[in-house]
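Single-letter residue listing:
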Amino acid sequence: MVQPFHLAIPVTNLTDAEVFYGELLGCEKGRSDTQWIDWNFFGHQLVTHCVEVMPSPPSYNGVDDHAVPVPHFGVVLTMSDWQALANKLETANTEFVIAPYIRFKGKPGEQATMFFKDPFGNALEFKAFADINQLFATNKIS
């Protein structure tokens, strides 16, 4: 089993964080206080810390002819879980930075991906692989 990561991110309103991470993404709420909430983020520990002002918004890098927000975070899901989440987000009228699609189609590392932001501007990416062995594939020719 892969060890879970821990990530702490800024938010400006914990009630909005509960709606987004708890209700929309379905993350289980853990410990909390007046300034932070722990979340079970798909088996990893995500902490939303309340701040007065958000840091600078993300920059963008080109990947597969799309502008990818940097920094961003997320998880690799199974293809069926990824599709279910994409459907849920589309039904909720989520504004995507990059709408769900297949990246690197027919190439090493082919993956389903989607990017969107939380209500505070933190960028998230969720991806899935038809073949999980492609997770660390390279485009190097041997």
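In this text, all values refer to a predicted model and were calculated from it rather than measured experimentally. Residue numbers here run from 1 along each chain, matching the order of that chain's written sequence. For this predicted model, a pLDDT threshold of at least 70 governs which residues receive local features, and a threshold of 80 or more governs which side-chain atom pairs are given and counted, while totals over whole chains, interfaces and linings are taken from all residues. Each side-chain value is worked out from all heavy atoms of the structure, with water and hydrogens disregarded.

1. Thoughts on the sheet that holds strand 10 (residues 123-128)
Pairing between two strands requires that DSSP report at least two bridges joining them. Numbering of helices and strands starts at the N terminus; helices are DSSP runs of H or I of at least 4 residues and strands are runs of E of at least 2. In spatial order, the strands read 7-10-9-8; together these 4 strands make up an open sheet with mixed pairing. Here the strands that pair on one side only, and so sit at the sheet edges, are strand 7 (73-77) and strand 8 (96-103). Adjacent strand axes in the sheet meet at a mean angle of 10° when their direction is disregarded. The pairing of strand 8 with strand 9 (residues 111-117) spans 5 bridges and is classified as antiparallel. Paired with Phe96 across the strands is Phe116, a residue of strand 9. Note on method: axes are straight lines fitted to C-alpha atoms, helices fitted across the in-contact stretch only, with angles between N-to-C directions ranging 0 to 180 degrees.

2. Some thoughts on the sheet that holds strand 4 (residues 44-50)
Two pairing modes exist for strands in a sheet, parallel and antiparallel, and in both the strands are linked by backbone hydrogen bonds. Across the sheet, 4 strands lie side by side as 1-4-3-2; this open sheet has mixed pairing. For this open sheet the edge positions go to strand 1 (6-11) and strand 2 (28-32), each flanked by a neighbour on one side alone. Here the strands of the sheet are splayed against their neighbours by 30° on average, with no regard to which way each runs. Two strands pair when backbone bridges link them, and strand 3 (residues 36-41) and strand 4 are joined in this way by 6 bridges, in the antiparallel orientation. Counted as the bridge partner of Trp39 is Leu46 from strand 4.

3. Regarding the packing of aromatic side chains
Ring pairs shown here join Phe, Tyr and Trp side chains whose ring centres sit within 6.5 Å, with only the six-membered ring taken for Trp; geometry is labelled stacked below 30 degrees between planes, edge-to-face above 60, and tilted in between. The tally for this structure, following the rule as stated, stands at 9 aromatic pairs. Geometrically, the ring pair formed by Phe96 and Phe116 is edge-to-face, given 6.2 Å between the ring centres and 90° between the ring planes. Of this pair, Phe96 sits in strand 8 while Phe116 sits in strand 9, and the two are 20 residues apart along the sequence. Three labels apply to residues, based on accessible area from a 1.4 Å probe with only protein chains included: buried if under 20% of the type maximum, exposed if over 50%, partly exposed otherwise in between. On the accessibility criterion, Phe96 (18% relative accessible area) is buried. The exposure class of Phe116 is buried, given its relative accessible area of 0%.

4. Section: the pattern of salt bridges
Only one rule defines a salt bridge in this text: a Lys or Arg side-chain nitrogen within 4 Å of an Asp or Glu carboxyl oxygen. Going through the model one piece at a time under the given rule, you end up with 4 salt bridges. The partner of Lys29 in a salt bridge is Glu18, with the nearest N and O atoms 2.6 Å apart. Remark: Glu18 occurs in helix 1 (residues 14-24) and Lys29 occurs in strand 2; sequence separation between them is 11 residues. For Glu18, a relative accessible area of 28% gives the class partly exposed. The salt bridge involving Arg103 is made with Glu125; its shortest N-O contact spans 3.3 Å.

5. Quick word on the nonpolar core
We define the nonpolar core as a collection of buried residues of types Ala, Val, Leu, Ile, Met, Phe, Trp, Tyr and Cys that are connected through side-chain atoms lying within 4.5 Å of one another. If you look at the biggest cluster of nonpolar residues, it comprises 28 residues, and the most contacted ones within it are Tyr21, Leu25, Phe41, Met114, Phe116, Leu124 and Phe126. Tallying contributions element by element places helix 1 first for this core, with 5 residues. When sequence neighbours within four positions are dropped, the list of residues in contact with Leu124 reads Phe20, Tyr21, Leu25, Phe41, His72, Phe73, Met114, Phe115, Phe116, Lys117 and Asp118. Two residues form a contact once any of their heavy atoms are found within 4.5 Å.

6. Topic: unusual backbone geometry
For the bond running from Val70 to Pro71, omega is 5°, close enough to zero to count as cis. Tracing the chain through its elements places Pro71 in the loop between strand 6 (66-70) and strand 7. Backbone geometry places Phe42, a non-glycine residue, at a positive phi of 55°. With respect to the helices, strands and loops of the structure, Phe42 is situated in the loop between strand 3 and strand 4. Note on Phe42: relative accessible area 35%, which makes it partly exposed. One non-glycine residue, Asp65, lies in positive phi territory at about 65°. Examined against the element boundaries, Asp65 turns out to sit in the loop between strand 5 (59-63) and strand 6.

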